[in-house]
Amino acid sequence: MKELRQARDAVIGALNQAGLTALAAFPPGGVREYRGPVAAVAVETAQGTALGFCGYLGRRVDRETGESVEVYGKRLDGVVTVDVRGNRAADCEAGCETAAEALLGRLPDGIRPGELSWEGMRWEKETGMFLRRGRLQCQAVFVAETAEDGGEFLDFMLKGVVRH
């Protein structure tokens, strides 16, 4: 589902912008090639809900073309996991502090953070690193519009994220 990937990528972007190296998956070679802590981000659970009446939010006028387009919306309620690993306990703890700041205050407008919880730090024998797992309950809001001719339905995009 494209929306789950968009939400995960937005969280990864916010963590990287805050100075914490964040990836979609734990690198196969471990994090030894990185300086400091590294976070692996995933969407653990998600449940979708249509916004408005059957997803319909109304119409808006495109400022550039003056055309009227229909707007649809949906919301995903979910849990994003953030696994922070570090070679030293202090690195792992610093990574968690950076992650907490970003998750609670630097996410795009389309992601509304809820409760953030962290497990205790532990030594992970498989990787030879310290690990602390975090879980963020959140809501992600997505919007889509019809194409100018009113026929083609465009993909849902995370609200507040600029399209490329």
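The structure we're discussing is the one just above.
Rules of the game
- Residues numbered from 1 in each chain as written.
- Predicted model: local features only at pLDDT ≥ 70, side-chain atom pairs only at ≥ 80, totals over all residues.
- Heavy atoms only, no water.
- Helix = DSSP H or I, 4+ residues; strand = E, 2+ residues; numbered from the N terminus.
- Buried < 20%, exposed > 50% of the residue type's maximum accessible area, 1.4 Å probe, protein only.
- Contact = heavy atoms within 4.5 Å.
- Areas by Shrake-Rupley, 256 points an atom, 1.4 Å probe, with all protein chains shown as cover.
- Salt bridge = Lys/Arg side-chain N within 4 Å of Asp/Glu carboxyl O.
- Phe/Tyr/Trp six-rings, centres within 6.5 Å; stacked < 30°, edge-to-face > 60°.
- Core = buried A, V, L, I, M, F, W, Y, C linked by side-chain atoms within 4.5 Å.
- Polar contact = N/O pair within 3.5 Å; in protein donor to acceptor, adjacent residues only side chain to side chain.
- Axes fitted to C-alpha atoms, helices over the stretch in contact; angles between N-to-C directions.
- Parallel < 35°, antiparallel > 145°, perpendicular 65-115°, else oblique.
- Left-handed = near helix turned anticlockwise from the far one by under 90°.
- Nonpolar A, V, L, I, M, F, W, Y, C, P; charged D, E, K, R; others polar.
- Pairing = 2+ DSSP bridges.

K.L.:
Just to check I follow, could you spell out the overall build of the chain for this structure?
P.N.:
Counting secondary structure elements, the chain contains two helices and eight strands. Along the chain, helices and strands appear, N-terminal first, in the series α-β-β-β-β-α-β-β-β-β. For the chain, buried positions account for 40% of its 164 residues. Intrachain contacts of the chain at a sequence separation of at least 6 include 62% that bridge at least 24 residues. Split by element, the accessible area of the chain, about 9300 Å² in all, is 49% carbon and sulfur.

K.L.:
Just to check I follow, could you spell out the pattern of salt bridges for this structure?
P.N.:
Side chains that differ in sign of charge can pair as their charged atoms come close. As enumerated under the stated definition, the model contains eleven salt bridges in all. Among the salt bridges present, the one from D77 reaches R75, with a minimum N-O distance of 3.0 Å. With a shortest N-O distance of 3.1 Å, R88 and D91 are connected by a salt bridge.

K.L.:
What is the right way to read the packing of aromatic side chains from this model?
P.N.:
Where two aromatic rings form a pair, the distance of their centres and the angle of their planes describe that pair. The full count for this structure, using the stated rule, is one aromatic pair. Where W123 meets F130, the ring centres are 4.9 Å apart and the plane angle is 75°; that geometry is what we call edge-to-face. Taking relative accessible area as the criterion, W123 reaches 47% and is therefore assigned partly exposed. F130 sits in the partly exposed class, given a relative accessible area of 22%.

K.L.:
I tried to follow the nonpolar core on my own but got confused; where do I start?
P.N.:
Generally speaking, soluble globular proteins have nonpolar side chains that are buried together. Formed by 29 residues in total, the largest nonpolar core has its most connected members in V11, L15, V41, V82, L103 and I111. Among the secondary structure elements, those contributing two or more residues to this core are α1 (2-17), β2 (38-50), β4 (68-86), α2 (89-105), β5 (111-118) and β7 (129-145). Leave out the neighbours within four places in its chain, and V82 touches L15, A39, A40, V41, L103, W118, R132, R133 and G134.

K.L.:
Looking at this structure, I do not really get the environment of Q139. What am I missing?
P.N.:
Along the chain, Q139 turns up in strand β7. Classification of Q139 by relative accessible area gives partly exposed; the value is 27%. Excluding residues that lie within four positions of it along the chain, Q139 makes contacts with R75, L76, D77, G110, I111 and R112. A polar contact is formed between the side chain of Q139 and the side chain of D77, at a distance of 3.3 Å.

K.L.:
Would you explain the side chain of D91 in this entry?
P.N.:
Along the chain, the position of D91 falls in helix α2. For D91, a relative accessible area of 18% puts it in the buried group. For D91, the contacting residues outside a window of four places in its chain are G36, P37 and G86.

K.L.:
So what exactly am I meant to see when it comes to the packing of α1 against α2 here?
P.N.:
Two measures define how a pair of helices packs: the angle their axes make with one another and the distance between the axes. Closest axis-to-axis distance for the α1/α2 pair is 9 Å, and the angle between their directions is 125°. As the angle between them shows, α1 and α2 are arranged oblique. As for how α1 packs across α2, the hand of that crossing is right-handed. Where α1 approaches α2, its residues V11, A14 and L15 are matched on the opposing element by A99, A102 and L103. Looking at the contact of α1 with α2 residue by residue, the class counts come to six nonpolar, no polar and no charged.

K.L.:
Would you explain the pairing of strand β3 (residues 56-61) in this entry?
P.N.:
Regular strands place their side chains on alternate faces of the sheet. For β3 and β4, the ladder comprises five bridges, and the chain directions are antiparallel. The residue of β4 that forms the bridge with Y56 is Y72. Between β3 and β4, which follow one another and run antiparallel, lie six residues, and G66 among them has a positive phi close to 80°.

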